[in-house]
Every structure is written in C-alpha cells, then in structure tokens.
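# A closer look at the structure
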Amino acid sequence: MPRRPSLPTLSKMHASEVLSRSKQPIYLQLASEFRRNIAQGVWAPGAQIPSLEELMAQYRVARMTLRNAIGILEDEGYIRRGRGIGTFVEAKIPSVTELQIPSNWEETVALSDVLGTESIVDREDAVEQLPDLGMHYEGAYAPAYRYLCRLHVKDNVPYCFSEVYIDDELFSAHRGEFLNSAAASVIARIPDLTLHEARQKITIAGAGIQSARALNLNVGESVAEVRRYACDAHWLIYFARLEFPTKFVKLEFDLLR
C-alpha cells in the first residue's frame, strides 16, 4: 500500500482564519485546496489521503464540510473512497490541457489555428469608437470597426472567450473568413497585409456574466485577461479582449533568450 503523505505544515495564521475571509462556501475553498495538494504532489497518485479526523483537526471545519469537499473531488475523478480502508488519490488523475499564452504574433496565430471558433454575437452595424485599449497607443484609428464576440474551444472544452474589433473595411473585404475563423488566423493570411505594430497585455481579472456563462465559470472567478492590438501602415486594424480560465493558462519563458 502506498505510504500516506504527511500533512502540510501550516503557517502562524490558522487555515480556518484564511478560509473565513472569503464569501465563497468553505467546502468549495477546501476542494480547491485539495486539488492543489494533488497537483503539487502533496497527495501523490495512489496515496491514501488524511482521515476526516485529521483534516478536521487541521482545518477546524465540520465533518460535513469536508465530506462535501471530498465529494466534489470524487465526482471529478481525483480520488476514490474505499469502504473501511480510507480515501485514496486515483492512480491516474484528470489532466488539464494547458495553453501557452502567446508572447509574439506568430504564437498568437498558431494558437488561433488550433482552437475552434463559435459565434456568440456578430454585430451587423459598425461602431466608431473602441473600448479602452488598456495599453499605450498613440497611432491612428480606423473610421469604423466591426464587433465579433466568440467562444474558442478544443475537444468540446471552452478555453477562451473573446471580444474582437476589426477594421470595418478589412472585415467587409474578408467577411466570410472573419465570420468562420479566429481573427488573428484570418489577418495572418491576408495577402499583402503587413503588420507594423502589435502589442499585448496580460492581467488576472474576474470573469463577467457573459464570459462566465460561456466558459462554465462562476462570475468573478479568476481568468487571464489578454488585451492585444495590431496595426497596418495606416491605423489600428484589430483589437481583442480575451479571457482564459486560469486553470488552462501556462506562461513559460526562456529567461536567457
């Protein structure tokens, strides 16, 4: 039988004090904590997790609260309960396909190519003003833009919610492509179109009602918000605001490159 892991050491502030800070139900917070234990190897695959009595002493919460938290992980396939022998981490735990957030335009196009695109809203009329870019920009703007709201999926899993603004003239010239594909993929394949500037900003934010609905999240749940724009020789032709659930996000850099 696999050796049981030791309980992680608590800091001076007790776990129950930290749990009480949030308005989120404690059992949901504990479910997140237990997933983290599994992801970081504190509770290794195949190992028996601490008993309810040990967890009650550690977290100072009610037995039913812990049962609810453990029940969530059991439903998700992280653990299994054996009558009379305890609760064990599954030998093969569910995996999450991570997405490397693009760090340049080529990576942006490559990611757009692998994610399927589903329409949420296709605005028929053009808008003359963009929302706040959230980034430094001193260049010119197109006379009008077309707004597209999209959900991007892979293997039927929603990975990204996006709101995109395309130069209306460019959109009209390539309407069919923009309506059926991710905007970055279309822009990259327009003949004789050269980008002269492209910028991106990433922040951690809370999902709004529309994006939470599309991504199967709770309102306010953490997402990586990506804002990016691209310009041709004349003006800004593309602006996008995207939200990725943080559980899918990976940021990895070569620090010596």
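Computed from a predicted model, the values in this text were never measured in an experiment. (Residues numbered from 1 in each chain as written. Predicted model: local features only at pLDDT ≥ 70, side-chain atom pairs only at ≥ 80, totals over all residues. Heavy atoms only, no water.)

### Comments concerning the sheet that holds strand β4 (residues 116-122)
- Overall, antiparallel pairing links the 6 strands, which are arranged β4-β5-β6-β9-β8-β7 in an open sheet. Both outer strands of the open sheet, β4 and β7 (197-206), are each paired with one neighbouring strand and no more. The mean inter-strand angle of the sheet, taken between neighbouring strand axes irrespective of direction, is 20°.
- The pairing of strand β8 (residues 222-231) with strand β9 (residues 236-245) spans 9 bridges and is classified as antiparallel. Counterpart to Tyr-229 in the pairing with β9 is Phe-239. (Pairing = 2+ DSSP bridges. Helix = DSSP H or I, 4+ residues; strand = E, 2+ residues; numbered from the N terminus. Axes fitted to C-alpha atoms, helices over the stretch in contact; angles between N-to-C directions.)

### So, the pattern of salt bridges
- Overall, the coordinates contain 13 salt bridges when judged by the stated rule.
- When the shortest N-O distance is used, the salt bridge between Asp-125 and Arg-123 registers 2.9 Å.
- A relative accessible area of 38% means that Asp-125 is categorised as partly exposed.
- For Arg-175, the salt bridge is made with Glu-124, and the minimal N-O distance between the two is 3.4 Å. Of the two residues, Arg-175 is situated in helix α7 (residues 175-180) and Glu-124 in the loop between β4 and β5 (145-154); the sequence distance between them amounts to 51 residues.
- On the basis of relative accessible area, Arg-175 is assigned to the partly exposed category, the value being 34%. (Salt bridge = Lys/Arg side-chain N within 4 Å of Asp/Glu carboxyl O. Buried < 20%, exposed > 50% of the residue type's maximum accessible area, 1.4 Å probe, protein only.)

### What to know about the nonpolar core
- Counting 28 residues, the largest nonpolar core has Trp-105, Ile-166, Phe-178, Tyr-238 and Phe-244 as its most contacted members.
- Sort the elements by how many residues they give to this core and β9 lands first, with 5 residues.
- What Phe-178 contacts, discounting residues up to four positions off in sequence, is Leu-148, Arg-150, Ile-166, Leu-170, Phe-171, Ala-183, Val-186, Ile-187 and Ile-190.
- By size, the runner-up hydrophobic cluster in this structure holds 23 residues, among which are Leu-217, Val-223, Tyr-229 and Phe-239. (Core = buried A, V, L, I, M, F, W, Y, C linked by side-chain atoms within 4.5 Å. Contact = heavy atoms within 4.5 Å.)

### Focus on the environment of Ser-185
- The residue Ser-185 is located in helix α8 (residues 183-188) in this model.
- Separated by 73 residues in the primary sequence, Ser-185 and Ser-112 have C-alpha atoms spaced 5.9 Å apart.
- For Ser-185, the residues in contact, after removing those within four places along its chain, are Val-109, Ser-112 and Asp-113.

### Let's talk about helix α3 (residues 52-59)
- Inspection of α3 places Leu-52, Leu-55, Gln-58 and Tyr-59 among the buried residues, and these make up the whole buried set. The arc that holds every buried residue of α3, seen down its axis, measures 125°, which confines them to one face.
- Taken from the residues just after α3, Arg-60 is the one with a positive phi, measuring 55°. (Arc of directions from axis to C-beta.)

### Side note on the packing of helix α2 (residues 26-39) against helix α4 (residues 63-76)
- Interaxial distance between α2 and α4 falls to 8 Å at its minimum, and their mutual angle equals 50°. Judged by the inter-axis angle, α2 sits oblique to α4. As for the relative orientation of α2 and α4, their crossing is right-handed in sense. Here Ile-26, Tyr-27, Leu-28, Leu-30, Ala-31, Phe-34, Arg-35 and Ile-38 of α2 come into contact with α4, specifically with Thr-65, Leu-66, Asn-68, Ala-69, Ile-70, Ile-72, Leu-73 and Glu-76.
- Tallied by class, residues from the contact of α2 with α4 come to 12 nonpolar, 2 polar and 2 charged. (Parallel < 35°, antiparallel > 145°, perpendicular 65-115°, else oblique. Left-handed = near helix turned anticlockwise from the far one by under 90°. Nonpolar A, V, L, I, M, F, W, Y, C, P; charged D, E, K, R; others polar.)

### Comments concerning the packing of aromatic side chains
- Scanning the entire structure with this criterion turns up 9 aromatic pairs.
- Taken together, a centroid distance of 5.1 Å and an interplanar angle of 55° make the contact between Tyr-147 and Tyr-165 tilted. One end of the pair, Tyr-147, is in strand β5; the other, Tyr-165, is in strand β6 (residues 157-167), with 18 residues separating them in the sequence. In terms of burial, Tyr-147 and Tyr-165 fall into one category: buried.
- Between the aromatic rings of Phe-171 and Phe-178, the centroid separation amounts to 6.0 Å while the plane-to-plane angle is 25°, which identifies the pairing as stacked.
- For Phe-178, a relative accessible area of 1% translates into the label buried.
- Connected via pairs of aromatic rings, a cluster forms that spans Phe-34, Trp-43 and Tyr-59. (Phe/Tyr/Trp six-rings, centres within 6.5 Å; stacked < 30°, edge-to-face > 60°.)

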